[in-house]
Amino acid sequence: FSMAIRNVNSNVTTREPPSNIIAHLGVGGFSRAHQFYCLHLLRTATASPSPSPSASAPNASVTKACDWGYLGVGLKSWDAKMYEALKSQDYVYACNMRGKDSDELVAVESIVDYAPLMADPKEVEKLYDARVKIMSLTVTEKGYCLNDAGALDVDNKDVKKDIETFKDPSFRANTAIGLIAHALSVRKARGLPPLTIMSCDNLPTNGATTKKAVLAFASAVSSELAAYITSSVPFPNSMVDRITPVTTPQNISEIESRHGIKDAWPVICEPFLQWVIEDNFVNGCRPDWSSLPGVEFTKDVEHYENMKLSLLNSTHSSMSYLSILAGFDLVHEAVQDPGIEAFLRSYMSEITPTLTAVPGVDFEEYASTLITRFSNPEIADNLNRLALDGSQKFRSALGPALTSLKSSGGAVDAVCLALAGFLRYNSGVADDGSEVETVPDPMKKEMKEVALRMRGEVSEGVCAEALAMVFGDELVRGWDGLVKGVLVKYREMQERGGARAMLVVV
């Protein structure tokens, strides 16, 4: 016997229209496993995420009622499939938290409506509901349309189109930044209160970065709008953490066989959850997230962000390319290899000195916890997911640590091995000589061209050019230790038969 996901929960009060709404742009796996899940716990007054980077997941109760709900917002054509799946289930979906010794499923009901802008531009009116108080987003690094300097790329064709058509009565946003700016403009014109704009993406100082991009866009269309945003619209920074692999057909079948639940698009994730939020909202209006274990408000998120981006996100990227070259497909299988585990520990030990102390966190313990999380076989996370958009992920997650290491002269041996693996991967050839089907990257064509040149001409000039494409010329210029270090590792890889030979515990 199996049951449709929308019929699971008997607590129908959670489906009543809320007084406060968060419009979320970019409804995907992570947002559903993290932010939407958290709000569901508040709405149903139960909680069970992990309370800290080093703790297991105890049950806890939340006593405060929650009168909030999510409005999903779809902007791009690829959002249509998720919209149709959720709509067919009254926006209820299964969140399946899997650990080595646990398998918990929650029917999440925090999405109360959806605005499919990709199908019907008139749905944008839902953003002008007075009940909408916050606009959050998870659109990945490339969704912010930033250039190499971290500023809005005004030469991006979609950004240019949004700027050119912004004042048209039939304006239809092509970018997240254009949509945010237009929503703020319309709400201002209609006398509605300003929104809090909350990025939940893996970007350094994600709130400040979003504000910078939105202000650059607003300045290009209206100085009055730019002044309004500067004075009235907060952009809190946040740090989000929960490993969430891509849902597979096998996952869908497993949920039905294990739990008796039919769901067109469930989400699979680990039990661990962490969310650190800068407490900066319009009139302090926001859900009581901090009553959940694992979630906290703070005045300064930056140190938490740097810790997570540097030790989790950059490590994910670094291990992915070497592991794929060595013949692995899944993260937990790669981490079980002694050579790869040793590489991870060496890599994180080089990154750790660049971090600023975080209250209550022991970095060595945090790093060990990450390896334990990576080795979770129930997640079955695919290395190709970690390798996606590598040039942008490395820039945002590893770039700040590299800047610090350049200044301090710190060790970069494992970092150089990781970057050599990244360059070798982009040439499209595995250790055994077989073709590697490289995953999407905003600079895929450029990276492949320089990586193929690197295979034929292993020189400092080509190596420096490749690294500058990712991290910028200013960081790479004059840093012989990094360029020569990557070059040495690359040559060793060629001479010794590939990445696998470099990942041997001596």
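Everything that follows concerns the structure shown earlier in this document.
Just so it is clear, the model here is predicted, and its values are computed rather than measured.

Rules used throughout
Residues numbered from 1 in each chain as written. Predicted model: local features only at pLDDT ≥ 70, side-chain atom pairs only at ≥ 80, totals over all residues. Heavy atoms only, no water. Helix = DSSP H or I, 4+ residues; strand = E, 2+ residues; numbered from the N terminus. Buried < 20%, exposed > 50% of the residue type's maximum accessible area, 1.4 Å probe, protein only. Contact = heavy atoms within 4.5 Å. Pairing = 2+ DSSP bridges. Axes fitted to C-alpha atoms, helices over the stretch in contact; angles between N-to-C directions. Core = buried A, V, L, I, M, F, W, Y, C linked by side-chain atoms within 4.5 Å. Expected span 1.5 Å × (residues − 1). Salt bridge = Lys/Arg side-chain N within 4 Å of Asp/Glu carboxyl O.

Caption draft 1: Layout of the overall build of the protein. When helices and strands are counted, the protein shows 21 helices and 15 strands. Its C-alpha atoms put the protein at 65 × 55 × 40 Å along the principal axes. Considering the protein as a whole, with its 506 residues, one finds that 57% of them fall into the buried category. Nonlocal contacts in the protein, meaning residues at least 24 apart in sequence, comprise 76% of its contacts between residues at least 6 apart.

Caption draft 2: Structural detail: the sheet that holds strand 6 (residues 93-99). Read from one edge of the open sheet, 3 strands run 7-6-13, paired in mixed fashion. Whereas interior strands pair on both sides, the edge strands pair on one side only; in this sheet they are strand 7 (102-108) and strand 13 (267-269). In this sheet, adjacent strand axes meet at a mean angle of 20 degrees when their direction is disregarded. Inspection of the sheet shows strand 6 paired to strand 13 by 3 bridges, in the parallel sense. Across the sheet, the residue bridging to Met97 is Cys269, located in strand 13.

Caption draft 3: Up close: the nonpolar core. Ranked by size, the top nonpolar core spans 81 residues in total, and within it Met319, Phe343 and Leu398 carry the most contacts. If one sorts the elements of this core by residue count, helix 16 (residues 413-426) sits on top with 10 residues. When residues no more than four places from it in sequence are discounted, the contact partners of Met319 are Val331, Ala334, Val335, Ile340, Phe343, Leu344, Phe374 and Leu383. Ranked by size, the runner-up nonpolar core spans 46 residues in total, among them Val73, Leu146, Leu192 and Ile229.

Caption draft 4: Summary view of helix 6 (residues 206-221). Look at helix 6: 23 Å from first C-alpha to last across 16 residues, which is about the 22 Å you get at 1.5 Å a residue. Inspection of helix 6 places Asn206, Gly207, Thr209, Thr210, Ala213, Val214, Leu215, Phe217, Ala218 and Val221 among the buried residues, and these make up the whole buried set. Summarising the contacts, the buried residues of helix 6 are in contact with helix 4 (157-165), helix 5 (176-189), strand 10 (196-199), helix 7 (223-232), strand 11 (238-241) and helix 9 (302-325).

Caption draft 5: Structural detail: the sheet that holds strand 8 (residues 111-116). Read from one edge to the other, the open sheet built from 5 strands follows the order 8-5-2-9-10, with strand pairing classed as parallel. Strands with a single pairing partner mark the edges of an open sheet, and in this sheet they are strand 8 and strand 10. Sheet twist, expressed as the mean angle between neighbouring strand axes with direction ignored, is 25 degrees. Strand direction decides the pairing type here: strand 5 (residues 68-74) and strand 8, joined by 5 bridges, are parallel. The residue bridging Val73 from the neighbouring strand is Ala115, located in strand 8. Relative to strand 5, helix 2 (residues 35-44) is tilted by about 155 degrees, and along the sheet it contacts strand 2 (20-25), strand 5 and strand 8. Where helix 5 meets the sheet, its contacts fall on strand 2, strand 5, strand 9 (132-137) and strand 10, and the angle it forms with strand 9 comes to roughly 170 degrees.

Caption draft 6: Seen up close, the environment of Ala218. Examined against the element boundaries, Ala218 turns out to sit in helix 6. Among the residues examined, Ala218 registers a relative accessible area of 0% and is labelled buried. For the pair Ala218 and Ser185, spaced 33 residues apart in sequence, the C-alpha to C-alpha distance is 9.1 Å.

Caption draft 7: Representation of the pattern of salt bridges within the structure. Following the criterion strictly, the structure yields 23 salt bridges and no others. Lys76 is the salt-bridge partner of Asp158, the closest N and O atoms lying 3.8 Å from each other. Pair noted here: Asp158 is in helix 4 and Lys76 is in the loop between strand 5 and helix 3 (79-87), with a separation of 82 residues, a long-range link. Between Arg98 and Glu254 there is a salt bridge whose closest N-O contact spans 2.8 Å. Here Arg98, found in strand 6, pairs with Glu254, found in helix 8 (residues 249-259); they are 156 residues apart in sequence, far enough to count as distant. Exposure remark for Arg98: the relative accessible area of 2% places this residue in the buried category.

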